[in-house]
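Per-entry structural report
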Amino acid sequence: MIRMEDVSYSYGKKEVLHHFNLHVKEGEFLTVIGCSGCGKTTMLKLINALLLPSLGTVYVQGHDITKTDHIALRRSIGYAIQNKGLFPHMTVEDNIAYVLTISGQKNKKQNQKRVLELLNLVGLEESLLKRRPSELSGGQQQRVGIARALAAKPKIMLMDEPFGALDEITRKMMQKELLALHKKLGLTVVFITHDIREAMKLGDRVLVMNQGRAVQLDRPEVILSHPANAFVQELISD
């Protein structure tokens, strides 16, 4: 589903990804950990064609992102971030329906039905439809953000610290619900986190990044028992 081959990316003179390689299989849940500034978010933006590589090639669903329609590509990818990215002036219903509208789905009744399906999918009640984000709890806002990311029925879900601002109880609940969604929908997920326990719990495989490079990519139990180097060892021992 996702392939990055010898990819480098620089912001001006600062290189943040250096000859980076990654393959993500269809239906895989990949978690990504590493220090701030190591290139995790840049990697997601390259997959979503919000950035284009300085060197190397990024393939999404077999297509080179530099040779594809970027708008169509982004419509096929769900993107959920830590601050939920919700429009504060819009209701819950309008926030979710917005994605349907820009995806070309203009039938209002069908969109309303889809919004209700998505609310049910992420465990929210219909009574929240007319509320604005400021009237919701943090967990409810995050669920709306995930519902909106799922609105266009993406095959790939990119998630950048989506649970970082949640309390521990809500976070564990959201982790469980996300795993259930992943299994039910067959999504390919790339999930960035700073929490090593979260990475090990959620990921089929875990990618450890450091200074723009992939330093280890393997199953959680392999990384825990056989860290690739001193950096990984220190990371998992904290």
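Throughout, residues of each chain are indexed from 1 in the direction in which the sequence is written. Residues qualify for local features only when their pLDDT is at least 70, as the model is predicted, and side-chain atom pairs are given and counted only at 80 or more; totals for whole chains, interfaces and linings, by contrast, use all residues. Side-chain measures here rest on the full set of heavy atoms in the structure, leaving out hydrogens and waters.

Per an unreviewed UniProt entry, the protein chain goes by ABC-type quaternary amine transporter and derives from Anaerobutyricum hallii.

The next thing to look at is the sheet that holds strand 1 (residues 2-11). Two strands make a pair as long as DSSP finds a minimum of two bridges between them. In DSSP terms, a helix is any run of H or I states spanning at least four residues, a strand is any run of E spanning at least two, and both are numbered starting from the N terminus. The antiparallel open sheet is built from four strands, whose spatial order is 2-1-4-5. Every other strand in the sheet has two partners, leaving strand 2 (14-24) and strand 5 (63-64) as the edge strands with one partner each. Judged from the seven bridges that link them, strand 1 and strand 2 form a sheet pairing that is antiparallel. Bridging across to strand 2, Val 7 finds its partner in Phe 20. Against the sheet, helix 1 (residues 40-47) touches strand 1, strand 2 and strand 4 (55-60), its axis set at about 120 degrees to strand 1. Residue contacts are defined here by distance: any two heavy atoms, one from each residue, within 4.5 Å place the two residues in contact. Fitted lines through C-alpha atoms give the axes, limited to the stretch in contact for helices. The angle between two N-to-C directions lies from 0 to 180 degrees.

Here we take up the pairing of strand 3 (residues 29-34). Most of strand 3 is tucked away, with six of its six residues classed as buried. Burial status follows relative accessibility: with a 1.4 Å probe on protein chains alone, a residue under 20% of its type maximum counts as buried, one over 50% as exposed, and anything between as partly exposed. What you see with strand 3 is no split at all: Phe 29, Thr 31 and Ile 33 on one side and Leu 30, Val 32 and Gly 34 on the other are buried throughout. Examined bridge by bridge, strand 3 and strand 8 (residues 188-192) share four bridges and lie parallel to one another. Pairing of Leu 30 across the sheet is with Val 190, part of strand 8. The pairing of strand 3 with strand 9 (residues 205-210) spans five bridges and is classified as parallel. Note on strand 9: the bridge partner recorded for Val 32 is Leu 207.

Okay, the packing of helix 3 (residues 92-102) against helix 5 (residues 138-150) next. Where helix 3 contacts helix 5, the two axes come as close as 8 Å, and the packing angle between them is 25 degrees. By the angle between their axes, helix 3 is roughly parallel relative to helix 5. Two packed elements cross with a definite hand, and for helix 3 against helix 5 that hand is right-handed. Facing helix 3, whose interface residues are Val 92, Asn 95, Ile 96 and Val 99, helix 5 presents Val 144, Ala 147 and Arg 148. Our angle categories are set so that under 35 degrees counts as roughly parallel, over 145 as roughly antiparallel, 65 to 115 as roughly perpendicular, and the remainder as oblique. Left-handed describes a crossing in which the near helix is turned anticlockwise from the far one by less than a right angle; the clockwise case is right-handed.

The subject of this paragraph is helix 3. Where helix 3 is concerned, the buried positions are Val 92, Glu 93, Asn 95, Ile 96, Ala 97, Val 99 and Leu 100. Buried positions along helix 3 lie against helix 4 (108-121) and helix 5. Count one or two residues on from helix 3 and you reach Gly 104, which has phi positive near 95 degrees.

Taking strand neighbours across the sheet as the criterion, the six strands line up as 6-7-8-3-9-10 in an open arrangement whose pairing is mixed. A single partner strand is all that each edge strand has here, and the edge strands are strand 6 (77-81) and strand 10 (213-218). Between one strand axis and the next, the sheet turns by 15 degrees as a mean value, whatever way the strands run. Across the sheet, helix 9 (residues 230-237) touches strand 3, strand 9 and strand 10, and the angle it forms with strand 9 is around 115 degrees.

It is worth spelling out helix 9 at this point. Count 3.6 residues to each turn of an α-helix, and residues three or four apart come out pointing the same way. For helix 9, the full list of buried residues reads Phe 231, Val 232, Leu 235 and Ile 236. The buried residues of helix 9 occupy an angular sector of 120 degrees when the element is viewed end-on, so they sit on one face. For helix 9, the exposed residues set more than 90 degrees away from the buried face come down to Ala 230 and Glu 234. Contact partners of the buried residues in helix 9: strand 3, helix 7 (196-202), strand 9, strand 10 and helix 8 (220-225). A 3.5 Å cut-off defines polar contacts: any pair of N or O atoms within that distance qualifies, except that in protein one atom must be a possible hydrogen donor and the other a possible acceptor, and neighbouring residues in sequence count only when both atoms are side-chain atoms. The N-terminus of helix 9 is capped by Asn 229, whose side-chain oxygen sits 3.1 Å from the backbone nitrogen of Phe 231. In this description, one arc is meant: the one made by directions from the helix axis to the C-beta atoms.

Okay, unusual backbone geometry next. As a rule of thumb, non-glycine residues mostly have phi less than zero, and peptide bonds are mostly trans rather than cis. The residue Ala 49 is not glycine, and still its phi comes out positive at about 60 degrees. Note that Ala 49 resides in the loop between helix 1 and strand 4. Assessed through its relative accessible area of 3%, Ala 49 is described here as buried. Although it is not a glycine, Lys 153 sits at a positive phi angle of roughly 55 degrees. With respect to the element layout, Lys 153 can be found in the loop between helix 5 and strand 7 (156-160).

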